[in-house]
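Read off the chains here:
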Amino acid sequence: MTYTSSARQPEPEPRPTVSRGPERPPGGQESSAANGAVNDSNVVPITAPHAARQGASRRADTSPPSPETSAKGKKSTPARKVQADALRILGCVRIATVRQMAQVIRKEDADGRSYVRRAMNKLAELGLAETNGKDGRHPIWNLTPAGHKALADGNELPARPKAGTGAKAVRAGFGPHGVAVTDMILAYGGRKHLTDWQVEVNHAIKETGLTFNTDAVPAWPTKTSEVRLFELDNGTMSQARLAREVWDYERYTGHRVWEGARGTIGTTYPFWQRHRYTRSQTFPRLHVVLAGKEEHLLDNRLQALAADVKGIAVAVWVNPLPQLQRGEPWYEIGVDDPDRRRQRYPEPPGR
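Residues numbered from 1 in each chain as written. Predicted model: local features only at pLDDT ≥ 70, side-chain atom pairs only at ≥ 80, totals over all residues. Heavy atoms only, no water.

## What about the overall build of the protein?
Looking only at helices and strands, one finds 11 helices and 11 strands in the protein. Burial statistics for the protein: of 351 residues in total, 50% are counted as buried. Surface accessibility of the protein: about 17400 Å² in total, with carbon and sulfur atoms responsible for 50%. (Helix = DSSP H or I, 4+ residues; strand = E, 2+ residues; numbered from the N terminus. Buried < 20%, exposed > 50% of the residue type's maximum accessible area, 1.4 Å probe, protein only. Areas by Shrake-Rupley, 256 points an atom, 1.4 Å probe, with all protein chains shown as cover.)

Printed below as a string of structure tokens:
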């Protein structure tokens, strides 16, 4: 599959008035088809011109501390609960600042950073959390291997045996990307549903050598898919590479394999539907979130990405991070089309 790369920065055009908010996560894992239908209708086609907008509004024991009781069975103190919540957050998103953790732990109208800062210092003393870099002036926190083991021993999160601590990424200079991924998760309802998220989820097809990591995957079903896929571009890659990463999802969905233990049956099926998302009728929608630049430049990047992936046969929605944080709608730049994928990716050559 080829695509046209665009390095240009198109001039912003007037944006239509939109009255609906963004797609929101369903109330829980038992989301109904009706919930999915409402979410699916809440999108603005990218074909409608939109204007760049200047600025965005901001709104000694190494076991995991329990929010209810201490290790001795006594009622937990508020400090212990903050420590436990901070451990869970880092276990889910891997990398976070005190500001981000406070958004989850404290009430929505409270700051809470001083409480979280004290909790993190205590976790560092216990050897469960550490800092390896900064996002601006703010330390970036991650769990230590002991912190991961504490969560696993306490059955606090679903088993994720290959989950890393994030320390190497921060030390290598990729901390700002991880912080932006956490901001994306929080903006998309992660404050109340953090344990449903996984970060750096690998998708690979051994036979073709195709492999890539999805930045974040929440297990929030739509009416046709069991999860949703999230990619964050922090403004550090070229426009051509961003487009190529989006096209990788179509290449992944287009791969088909023969039926039978050794491919002996004369029919084929999509690899993803049999081996990855077995409870999905359609391939999960890809959400692309743009960050890392001024908002008018993000709007230009959105327009260029839409041109680069025009005609893609998977569902792709895109939104700049500041607009997602304000609750503005997504823009649709790709539509799921299994028939078109079947034409582009014919049957495998042999059995």
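Having seen it, we continue.
## Some words on the packing of aromatic side chains
Evaluated as defined, the whole model comprises 13 aromatic pairs. On the numbers, 5.4 Å between centres and 80° between planes, the contact of Trp272 with Phe283 is edge-to-face. Residue Trp272 is found in helix 8 (residues 271-275), and its partner Phe283 is found in the loop between helix 8 and strand 9 (286-290); the two are separated by 11 residues along the sequence. The buried category is assigned to Phe283, whose relative accessible area is 3%. Grouped by ring-pair contacts, the aromatic residues Phe212, Tyr249, Tyr252, Phe271, Trp272, Tyr277 and Phe283 constitute a single cluster. Looking at Arg106, its charged tip hangs above the ring of Tyr115, at a distance of 4.2 Å from the centre. Note that Arg118 overlies the ring of Tyr115, its terminal NZ or CZ placed 5.3 Å from the centroid. (Phe/Tyr/Trp six-rings, centres within 6.5 Å; stacked < 30°, edge-to-face > 60°. Lys NZ or Arg CZ within 6 Å of the ring centre and 35° of its normal.)

## Brief notes about the pairing of strand 11 (residues 330-334)
Within strand 11, four of the five residues are buried, which leaves it mostly tucked inside the rest of the structure. Here strand 10 (residues 316-320) pairs with strand 11 via three bridges, running antiparallel. For Val316, the partnering residue across the bridge sits in strand 11 and is Gly334. (Pairing = 2+ DSSP bridges.)

## Side note on the pattern of salt bridges
Taken as a whole and judged by the stated rule, the model has 14 salt bridges. Among the ionic pairs, Asp85 bridges to Lys81, the shortest N-O distance being 2.9 Å. Here the residue Asp85 and the residue Lys81 both occupy positions in helix 2 (residues 78-93), the gap between them amounting to four residues, near one helical turn. Accessibility expressed as a relative area gives 16% for Asp85, which makes it buried. Measuring nitrogen to oxygen at the nearest pair gives 2.5 Å for the salt bridge that ties Asp233 to Arg301. Of this pair, Asp233 sits in strand 6 (residues 229-233) while Arg301 sits in helix 9 (residues 295-308); the two residues are 68 residues apart in sequence, bridging distant segments of the chain. (Salt bridge = Lys/Arg side-chain N within 4 Å of Asp/Glu carboxyl O.)

## Here's the deal with the pairing of strand 5 (residues 210-218)
The buried fraction of strand 5 is high, at seven of nine residues. Inspection of the sheet shows strand 4 (residues 197-205) paired to strand 5 by eight bridges, in the antiparallel sense. The residue bridging Gln198 from the neighbouring strand is Val217, located in strand 5. Here strand 4 hands over to strand 5 after four residues, with Gly209 in that stretch at a positive phi of 80°.

## Here's the deal with helix 9
Under the 1.5 Å per step criterion, the end-to-end length of helix 9 is 20 Å for 14 residues, consistent within 8% with the ideal 20 Å. The buried count for helix 9 comes to 10 of 14 residues, which makes it a mostly enclosed element. Buried residues of helix 9: Glu295, Leu298, Asp299, Asn300, Arg301, Leu302, Ala304, Leu305, Ala306 and Asp308, and no others. Its buried side turned inward, helix 9 meets strand 6, helix 7 (239-254), strand 9, strand 10, helix 10 (321-326) and strand 11. (Expected span 1.5 Å × (residues − 1). Contact = heavy atoms within 4.5 Å.)

## A closer look at the packing of helix 2 against helix 4 (residues 113-125)
Look at helix 2 against helix 4: their axes get within 9 Å of each other, and the N-to-C directions meet at 80°. Overall, the two elements helix 2 and helix 4 adopt an arrangement that is roughly perpendicular. Contacts between helix 2 and helix 4 involve Val82, Gln83, Ala86, Leu87 and Leu90 from the first element and Tyr115, Val116, Ala119, Met120, Lys122 and Leu123 from the second. Its residues assigned to classes, the contact of helix 2 with helix 4 comprises nine nonpolar, one polar and one charged. (Axes fitted to C-alpha atoms, helices over the stretch in contact; angles between N-to-C directions. Parallel < 35°, antiparallel > 145°, perpendicular 65-115°, else oblique. Nonpolar A, V, L, I, M, F, W, Y, C, P; charged D, E, K, R; others polar.)

## Remarks on the confidence of the model for the protein
Overall, the predicted model of the protein reaches an average pLDDT of 80, with 73% of residues at or above 70. Contacts of residues 1-22 to residues separated by more than four positions or lying in other chains number 60 contacts, the stretch itself having pLDDT below 50. Low pLDDT, under 50, characterises residues 47-64; the predicted model gives this stretch 54 contacts beyond four residues in sequence or across chains. (pLDDT = per-residue confidence, 0-100.)

## Re helix 4
Here helix 4 contains 13 residues, and its C-alpha end-to-end distance of 18 Å stays within 8% of the 18 Å for a straight helix at 1.5 Å per residue. Of the residues making up helix 4, those classed as buried are Val116, Ala119, Met120 and Leu123. Angularly, the buried residues of helix 4 cover 100° about the axis, an arc narrow enough to put them on a single face. Exposed residues pointing more than 90 degrees away from the buried face of helix 4 are listed as Arg118 and Glu125. (Arc of directions from axis to C-beta.)

## Considering the nonpolar core
In terms of nonpolar packing, the biggest core is built from 45 residues, with Met101, Met120 and Met184 touching the most fellow members. Those residues in contact with Met184 that lie beyond four places of it in its chain are Ala216, Phe230, Glu231, Leu232, Val289, Leu321 and Leu324. By size, the runner-up hydrophobic cluster in this structure holds 34 residues, among which are Phe212, Leu242, Tyr249 and Tyr269. (Core = buried A, V, L, I, M, F, W, Y, C linked by side-chain atoms within 4.5 Å.)

## Side note on the side chain of Asp248
Inspection of the secondary structure assignment puts Asp248 in helix 7. For Asp248, a relative accessible area of 14% corresponds to the buried category. With residues near it in sequence (within four places) discarded, Asp248 still touches Leu210 and Phe212.

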